[in-house]
Amino acid sequence: MRKLLIALVLVLGGAVTATLAYAPYLPQLVAEGVPPLIWPAPGHFASIEGAATPRDLHVAEASSTRPLQPDLEAAFTEKRGKALLVARAGRLELEHYAPGLTAETRFNSFSMAKSLVGALIYKALAEGRLQSLDQTLGELLPDDRGLAGVTLRALLAMRSGIAFDHGEGKAGAVSGDKTVDTSANPFGPLARLHFLGLGAIEGGLVTDAKTASEFNYQNVNTALLGEVLETVYGRGLEHLLAEKLWRPAGAASAAWRQPAAGAPVSAYCCIYAAARDWIRIGQYLVENGTPEAPFLPAPLWREFLGLDVGTAERLKDHYGQHLRQNVLDRAGQALQGPFTYLMGQGGQVLYLLPEQQLVVYRAGETVQLLHSTLYGAWNSISE
């Protein structure tokens, strides 16, 4: 019996050693788990330096006491909403939080971070750091992988054809990706990307010709765009975001997840910032910066926000430039027309409606109906 126990211990020890050799991040995975919605969060974070003086949101006197429209209130409660803010024409008209949360609470962006990386790609185009969206990874990054022909345009549209996880996150399912969710696999490529960084997987990445033009929502696309930005600017992504977008928008300091201390940030996920700062970011994008210092030249701004995407495409919940475009067309509703939005897992949404000078931010634990939330927000400030 003793020999059998010794043999069993040796076998188990060998299995554990082999497992940790392949997935050395398992203790970190157990310690950190899924990034929480509310700050603080376990793990490593880089600082996004904010503006010395946050942008004045011109808070309406009744913003925190204005009641939500009844259907919106019911949905907010049922879907475990945590924050709902509405700004119109540069004025914060509504600010609603779940009990125990305040304007100082920091919320996780989840995949809304992807859209900010998309914004930085367009900023790099405007500044001449990138020549066009048809540039390839082979031109921009050391060609030590099987992705030399993948273009920035394909990465931005989630149509790169990279053989990675399929249906890896809920945000993909929201946009119509019906493939199996593999994000919970602790040994899969997504887990390796999340805890070891892009460098641990990119050497083995290849494209699949069968899926080269198909929409496939994958974090690796954004991770590669982040590497492109850090390469062409020679600076960390958190510093680029702070300089090009965060501080100009008048947002306060925030935190961006890293796989490990000193590692490049996780480009695709997990910026912790206050709800008011998401409104500030939204206003900056809706207004295209300021008249004196536009964020982008007008044609690039229109292209980035997808303002010229047609109604037929919007009705299918169009995905482009790392942003989503949809349309409001429900009969009997006062608010109508196109909108652009950033979305993260759990239904973190930042709505952008330039025509109405409207910005709406919603955070919560589960997804809330996209259109109904926007109708309810508008009706709440219009009654």
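Residues numbered from 1 in each chain as written. Predicted model: local features only at pLDDT ≥ 70, side-chain atom pairs only at ≥ 80, totals over all residues. Heavy atoms only, no water.

K.L.:
I'd love a proper account of the overall build of the protein, names of residues and values included.
P.N.:
Check the secondary structure of the protein and you find 14 helices and 11 strands. In the protein, buried positions account for 55% of the 383 residues. Of the roughly 16,200 Å² of accessible surface on the protein, 57% is carried by carbon and sulfur atoms. (Helix = DSSP H or I, 4+ residues; strand = E, 2+ residues; numbered from the N terminus. Buried < 20%, exposed > 50% of the residue type's maximum accessible area, 1.4 Å probe, protein only. Areas by Shrake-Rupley, 256 points an atom, 1.4 Å probe, with all protein chains shown as cover.)

K.L.:
Let's hear about the confidence of the model for the protein: which residues, and what values?
P.N.:
Of all residues in the protein, 89% attain a pLDDT of 70 or more, and the chain-wide mean is 90. The model gives residues 167-182 a pLDDT under 50, and that stretch makes 33 contacts with residues more than four places away or in other chains. (pLDDT = per-residue confidence, 0-100. Contact = heavy atoms within 4.5 Å.)

K.L.:
With reference to specific residues and values, describe the sheet that holds strand β7 (residues 318-320).
P.N.:
Across the sheet, 7 strands lie side by side as β3-β2-β11-β10-β9-β8-β7; this open sheet has antiparallel pairing. Lying at the two open borders of the sheet, with one neighbouring strand each, are β3 (91-97) and β7. Each adjacent strand pair in this sheet contributes to an overall mean axis angle of 20°, direction not counted. Looking at chain direction, strand β8 (residues 323-328) and strand β9 (residues 337-344) are connected through 5 bridges and run antiparallel. The residue bridging R324 from the neighbouring strand is Y341, located in β9. Here helix α11 (residues 275-286) sits on the sheet in contact with β2 (81-88), β3, β10 (348-353) and β11 (358-364), set at roughly 145° to β11. (Pairing = 2+ DSSP bridges. Axes fitted to C-alpha atoms, helices over the stretch in contact; angles between N-to-C directions.)

K.L.:
Tell me about the packing of helix α4 (residues 112-126) against helix α10 (residues 237-246), and please be specific about residues and values.
P.N.:
At their nearest, the axes of α4 and α10 sit 10 Å apart, and the two run at 75° to each other. As the angle between them shows, α4 and α10 are arranged roughly perpendicular. Along its contact with α4, which presents L116, V117, A119, L120 and K123, the element α10 presents L237, L240, L241, K244, L245 and W246. (Parallel < 35°, antiparallel > 145°, perpendicular 65-115°, else oblique.)

K.L.:
Outline the state of the cysteines, supporting the account with residue identities and numerical values.
P.N.:
Every disulfide links exactly two cysteines, by a covalent bond between their sulfur atoms. This model, assessed by the stated rule, comprises 1 disulfide. For C269, the disulfide goes to C270, at an S-S distance of 2.0 Å. Here the S-S torsion is close to 45°, and the disulfide linking C269 with C270 is therefore right-handed. Each member of the pair, C269 together with C270, is buried. (Disulfide = S-S within 2.5 Å.)

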